Amino acid sequence: MKQETALNILKLGKNVFITGSAGTGKSYLLKQYIKYLKERDIYPTVVAPTGISASHLKGQTIHSFFSLGIRDKIDDGYIEYLLDKRYLRKKFSKLKVLIIDEVSMVSPEIFSAMDMILQSFKGSIEPFGGVQVVISGDFFQLPPISKKSKEKRFAWQSESWRDLNLISCYLEEKFRQEDNKLIKVLDDIRSGNVTDLTHSILKSRYNRDLNPNFTPTKLYTHNFDVDRINNSELEKLKGKAKIFLYDSKGSSKNVEKIFKSSLVLKELTLKKGAVVIFIKNSYEDGYVNGTTGVVEKFDKKDGLPVVKIANGKKIKVDYQEWSIENDSGEILATVSQIPLRLAWAITVHKSQGMTLSSAQIDLSKTFEVGQGYVALSRIKTLEGLKLMGINSNALKVDSLILKIDGKIKEASKRAEREIEKLDTELLEEGFENYIKFLLDEDSESNYILSDYL
């Protein structure tokens, strides 16, 4: 499906699932729809599972917007607790269009939690309380990390997903990558049809030197290798190391829960020149979870690190807090620490949502299907790839995703045929009536979605 066709479906007010391979412009389409709505005084809510993915569309994390704390799921008792919050009532009452980005990283439980919360606050049994839901993502990307083996790992496996009656918009025009060879490799992986030519193309990038003007991001599949590389690079830096230790309140058991459910470190060692990544959102200070930069110095007065980020801005990084609450909102424990980690190397999981000019990728220890696809789809061109190793799992994708991918494409083609039947005048009438419906405070408009598609 072309972007213009998908945008027309969005403008009719449909619940939509936007998907497609890397470089097909999913984020660009969302930006176009957001711009269209804002020009008409409608302000959609944009959420995503991680800070770095949320920052692409200037949105918020799902856990933050829906007040989930560090919960993986919720129950009726927690919803009752949320309903008592006046500020949440005010916030959700204004919500008319919800955009969920990077949905592959959203668990079925979290997806259903959003549905339950909106139904409760909107006082409606309609899916997601009757708001328009626009979902974007690629299920060939990695599912959310789970410590338990679960039968259902993807958001599309939840009842809430099925209830939405989503129209699939499968984008197939490539915009981001200008490299036909890289596009072929990614398409071969997605189709489950990896050939000798696919391997030959990747082999041509084995241990290749990259443009010396760029410091490539190193991607590894295991935390052990990431930590090893980061510690090694830190050792190479001259100058005195500065150690930041955490402070905490609450029982040791609950404090430990915070460390297990977040990226915060008990002990953070930095030097001038260290490459770092932020692990918490602080919009007022100019960074989000996933912002990268370099430690330029340590403040003379308080010793706090000053980090220069990619856009040239310098940020003095102060301590931040991570907390855990009970269902009544009572804080059980708090950890205070500098929200940074070393970032010469990062895991493939944490790279999701990034677009890299160059990357040094080691897939020799790939242990989960999809890791190779995610890593390779981070780079813009094959010239930006230095491949350090690869194993037999690296180019495999989830067989279940392969199976549903074809069905999503077929559904997208059906939707495309249906909307092409509508003449321009009827489309424009549908667009105009949906905007009137959104602007109607009492939501008593006669707009009926099925009239237009």
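The preceding data block contains the structure.
Residues numbered from 1 in each chain as written. Predicted model: local features only at pLDDT ≥ 70, side-chain atom pairs only at ≥ 80, totals over all residues. Heavy atoms only, no water.

Caption draft 1: Here's a closer look at the side chain of Thr221. Residue position: Thr221 is located in the loop between strand 7 (217–220) and helix 11 (223–236). Here His222 takes part through its side chain, which lies 2.9 Å from a polar atom of the side chain of Thr221. Within the structure, the side chain of Thr221 is placed 3.4 Å from the backbone oxygen of Lys365, a separation counted as a polar contact. (Helix = DSSP H or I, 4+ residues; strand = E, 2+ residues; numbered from the N terminus. Polar contact = N/O pair within 3.5 Å; in protein donor to acceptor, adjacent residues only side chain to side chain.)

Caption draft 2: Spotlight on the nonpolar core. Within the largest apolar cluster, 71 residues are counted, with the highest numbers of intra-cluster contacts made by Phe66, Ile100, Phe111, Phe128, Ile135 and Trp161. Among the elements that line this core, the one with the most residues is helix 7 (residues 108–122), at seven residues. In this structure, Ile135 is in contact with Val16, Phe17, Ile18, Ile100, Val103, Phe111, Trp161, Leu164 and Leu166, ignoring residues within four places of it in sequence. Leu29, Ile34, Val46 and Val134 belong to the second largest nonpolar core, which has 30 residues in total. (Core = buried A, V, L, I, M, F, W, Y, C linked by side-chain atoms within 4.5 Å. Buried < 20%, exposed > 50% of the residue type's maximum accessible area, 1.4 Å probe, protein only. Contact = heavy atoms within 4.5 Å.)

Caption draft 3: Looking closely at unusual backbone geometry. The phi dihedral of Ser67 falls on the positive side, at around 55 degrees, and the residue is not glycine. By relative accessible area, Ser67 is classed as buried at 17%. With phi around 55 degrees, Asn207 is a residue other than glycine that occupies positive phi space. If you trace the backbone, Asn207 turns up in the loop between helix 10 (196–203) and strand 7.

Caption draft 4: View of the pairing of strand 11 (residues 275–278). Bridge count between strand 11 and strand 12 (residues 292–298): three bridges; the pairing is antiparallel. Considered in strand 12, the bridge of Val275 is made with Val294. Across three bridges, strand 11 lies against strand 17 (residues 340–342) in antiparallel orientation. Paired with Val276 across the bridge in strand 17 is Leu342. (Pairing = 2+ DSSP bridges.)

Caption draft 5: The packing of helix 9 (residues 180–191) against helix 10, seen in detail. As a packed pair, helix 9 and helix 10 sit with axes 10 Å apart at the nearest point and diverge in direction by 130 degrees. Judged on the interaxial angle alone, helix 10 and helix 9 are oblique. Viewed along their axes, helix 9 and helix 10 form a crossing whose handedness is left-handed. On the side of helix 9, the interface is formed by Lys181, Lys184, Val185 and Asp188, while helix 10 contributes Leu197, Thr198, Ile201 and Leu202. (Axes fitted to C-alpha atoms, helices over the stretch in contact; angles between N-to-C directions. Parallel < 35°, antiparallel > 145°, perpendicular 65-115°, else oblique. Left-handed = near helix turned anticlockwise from the far one by under 90°.)

By themselves, these figures tell us nothing about what the structure is for.
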